[in-house]
Amino acid sequence: MPQIKAKIVYNKKVKENYWCCVFNAPEVVKKASPGQFLNIRVEDKELLLRRPFSIHGIQGSGLGIIYEVLGKGTKYLSRRKPGEYLDIIGPLGNGFDYKTQGCQGTMVPVLVAGGMGVAPLFFLAEKLRENQNPKSKIQNVVLIGAKTKNHILCEKEFKAAGFDVRIATDDGSRGFKGYVSELLEKILSADLRHVQSASSKDAERSRGIYACGPKPMLKEICRISRKYGLSSQVSLEEHMACGIGACFGCVAETKEGYKRVCKDGPVFKADDLIW
Amino acid sequence: MKPKLSVNIGKLKLNNPVMVASGTFGYAEELKDLVILKELGAIVTKTITLNPRRGNPPPRTCETPSGMLNSIGLENPGVENFLKEKLPFLKKSGVPIIISITSESGVEEFVKLARRLDGVKDISAIEINISCPNIRNDTKIPRCQGTRLIAQDPKATHEVVKAVRKATGKTLITKLSPNVTSIAEIAQAAEEAGSDALSLVNTLIGMSVDAGTRKPKIAAITAGLSGPAIRPVALRMCWEVYQKVKIPIIGMGGITDISSALEFFICGATAISVGTANFINPKTATEIISGLKEYLSENKINNMKEIIGDLKL
């Protein structure tokens, strides 16, 4: 994980308060894997710590993040112009295990994104597609949860990657009305009825869940995953100090005690986390 | 002519006076891709206790204006696991390794740890952390129960330093707390009890609250403040202590660059430690070393010792 100065090539608002920033970072691109993150320096006297962002996608030597402008750090980032440089450390952390899980035909990948949780999942979607046998009949699925229809991110991009996109909005302005975790449970219980009534091979395939989003959502995903006996991986979002495992500041409780979100995660097996 | 950067801390000779502070550099392996470790003056490890320690519940850190709060609670694998799993890499870095230790019980645990480490040749010095604000001291040390720190009491400081001094021949450094009325008084107690050097300062006890939820931003409620926000306080304490003791001071508290490092040397620090800045720019310490060489050359100073305590009044 190098520390580099990356030149910004694009930094624009996507919709609402969501922004996308792309910078040139060939050294990072080479090593990047879905679920890993970057720690970006905020060059401001008062704001001290770097800010972690999931890698959203790569194209050539370009690397993209998406972010919601919420505090002073993201405001700083949104004011950076193409041609300026960002001080970046990355790629950091352990990403999704997508090679041994989910794309070998034994599992149907279901991506579950809540709000900004689409950030790492889109990069994962591209990798899943790359690794999938073109003849595979498995239909990859992504569930996107958002506040309203105006807050839905990356719908087109997921469709272009061949994903079956299902939407949940808190206010019901698009798709399922409710949380994306509720939508997942609805789909899984329908699966169960299907398995009970049919003997098709497809129905025997279990689903592999990959989720990212706010903590209450991930807690629900872990509960649902256990209930249905699924193999699930969740990416935790956490405030970090060092981002490289040195300070032990960003821990999550697991079956094996506290683990560092930045170094041992941010992706954990749902079964290992204790909420 | 190349200016001389080497300094002595007790029996320990450092090639240069720039170290990295305990708790901010892990066990060095985490930073191996980002820092040329062999350039550092020394590495101080994250504090080790006799037994593995779980640490405090999260959230453990939050950012504050020009600083940060932390209450990690000294999570560590315990001394035996440290020696087995962490020391081999540290040894390979090629720089002096200073191991930070503390006790979860009483004086006896400090002594046990010091004895255990005394025979480990790859350890260059021992720093006793008697000033961590994030652990409850259920110690048997009188006057230091509950949230009261050893480093807040001159007699307790004297007792601990004296006991550890007897247990080890290695260079002994005592890390002091800024959360006191008179840090010079505590420094003198440590010196008198046989400490070879002083590290100062540890973090200032602080708090931060989310006004929306009315919850503390740190689960342990109070936490240690570090970063540039505490620099003027740390610097004042360095100067106060320098006037009262003869043993070397390792100055720290919000050092982020060469000019802030120089402030500490000028106020009496023989060496300095980079702490929180490691999180922001892991190359801070090595950049300060280059900056120091340039500063000395530009000012035609042959030996870095000439600037120590050279505050113009």
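Parameters and conventions
- Residues numbered from 1 in each chain as written.
- Chains lettered and ligands numbered in written order.
- Predicted model: local features only at pLDDT ≥ 70, side-chain atom pairs only at ≥ 80, totals over all residues.
- Heavy atoms only, no water.
- Pairing = 2+ DSSP bridges.
- Helix = DSSP H or I, 4+ residues; strand = E, 2+ residues; numbered from the N terminus.
- Axes fitted to C-alpha atoms, helices over the stretch in contact; angles between N-to-C directions.
- Contact = heavy atoms within 4.5 Å.
- Buried area = accessible area lost by both parts, 1.4 Å probe.
- Salt bridge = Lys/Arg side-chain N within 4 Å of Asp/Glu carboxyl O.
- Nonpolar A, V, L, I, M, F, W, Y, C, P; charged D, E, K, R; others polar.
- Domains from an automatic or database assignment.
- Polar contact = N/O pair within 3.5 Å; in protein donor to acceptor, adjacent residues only side chain to side chain.
- Patch = residues over 30% accessible without salt bridge, like charges linked within 9 Å, V, L, I, M, F, W, Y side chains within 5 Å.
- Areas by Shrake-Rupley, 256 points an atom, 1.4 Å probe, with all protein chains shown as cover.
- Buried < 20%, exposed > 50% of the residue type's maximum accessible area, 1.4 Å probe, protein only.

Just to check I follow, could you spell out the sheet that holds strand 12 (residues 197-200) of chain B for this structure?
The pairing of strands in a sheet comes from backbone hydrogen bonds and takes either a parallel or an antiparallel form. All names here are of chain B. Read around the closed barrel, eight strands run 3-4-7-8-11-12-17-18, paired in parallel fashion. Direction aside, the axes of adjacent strands within the sheet are offset by 25 degrees on average. Pairing of strand 12 with strand 17 (residues 249-251), which is carried by three bridges, proceeds in the parallel orientation. If you follow Leu-200 over to strand 17, its bridge partner there is Gly-251. On the sheet, helix 3 (residues 154-167) packs against strand 8 (125-129) and strand 11 (171-175) and is oriented at approximately 160 degrees with respect to strand 11. Relative to the sheet, helix 5 (residues 231-242) contacts strand 12 and strand 17, its axis offset from that of strand 12 by approximately 160 degrees.

Can you walk me through the interface of chain B and chain A in this structure?
Buried accessible area, meaning the area lost when the parts come together, often serves as the stated size of an interface. Across the boundary between the two partners, chain B contributes 33 residues, which contact 26 residues of chain A. Approximately 2,500 Å² of surface area, both sides summed, lies buried where chain B meets chain A, with 58% of it carried by carbon and sulfur atoms. Counting the contacts that link chain B with chain A gives three salt bridges. Those elements that place two or more of their residues in the side of chain B that touches chain A are strand 5 (61-64), strand 6 (67-70) and helix 7 (277-280) of chain B. No other element matches strand 5 of chain B, which puts three residues into the side of chain B that touches chain A. In terms of residue class, the side of chain B that touches chain A is built from 13 nonpolar, 12 polar and eight charged.

Can you walk me through the domain arrangement of chain A in this structure?
Residue and element names in this part refer to chain A. Taken domain by domain, chain A consists of domain 1 (3-92) and domain 2 (107-272). Each of domain 1 and domain 2 has a C-alpha centre, and these two points are 23 Å apart. If you look at the interface, domain 1 gives 22 residues, while domain 2 gives 24 residues. The largest share of the area that domain 1 buries against domain 2 comes from Tyr-18, Pro-34 and His-56, three residues that together contribute 28% of it. In this assembly, domain 1 and domain 2 are joined by four residue pairs in polar contact (both at pLDDT 80 or more). Of all the elements, strand 6 (residues 62-68) adds the most residues to the side of domain 1 that touches domain 2, at three residues. When the residues that make up the side of domain 1 that touches domain 2 are grouped by side-chain class, the tally is 12 nonpolar, six polar and four charged.

Got a minute to help me understand a nonpolar patch on the surface in this structure?
All names here are of chain B. The grouping of Met-207, Val-209 and Ile-221 at the surface amounts to a nonpolar patch, some 280 Å² of accessible area in total. Among the structural elements, Ile-221 can be located in the loop between strand 15 (215-216) and strand 16 (223-226). A relative accessible area of 43% places Ile-221 in the partly exposed class.

Help me out: how do you make sense of the pairing of strand 5 of chain B in this one?
All names here are of chain B. The sheet contact formed by strand 5 and strand 6 spans four bridges and is antiparallel. Bridging from a neighbouring strand, Cys-62 pairs with Leu-69 of strand 6. From the end of strand 5 to the start of strand 6, which pair antiparallel, there are two residues, and Ser-66 there has a positive phi angle of about 50 degrees.

In this structure, what is going on with unusual backbone geometry? I would like to understand it.
Leaving glycine aside, a negative phi is the common case for residues, and trans is the common case for peptide bonds. With an omega dihedral of 10 degrees, the bond running from Gly-265 of chain A to Pro-266 of chain A counts as a cis peptide bond. Here Pro-266 of chain A shows up in the loop between strand 15 (257-260) and strand 16 (267-269). The omega torsion across Leu-200 of chain B and Val-201 of chain B is 10 degrees, close enough to zero to call that bond cis. Tracing the backbone shows Val-201 of chain B in the loop between strand 12 and strand 13 (204-206). Residue Cys-154 of chain A is not a glycine yet carries a positive backbone phi of 65 degrees.

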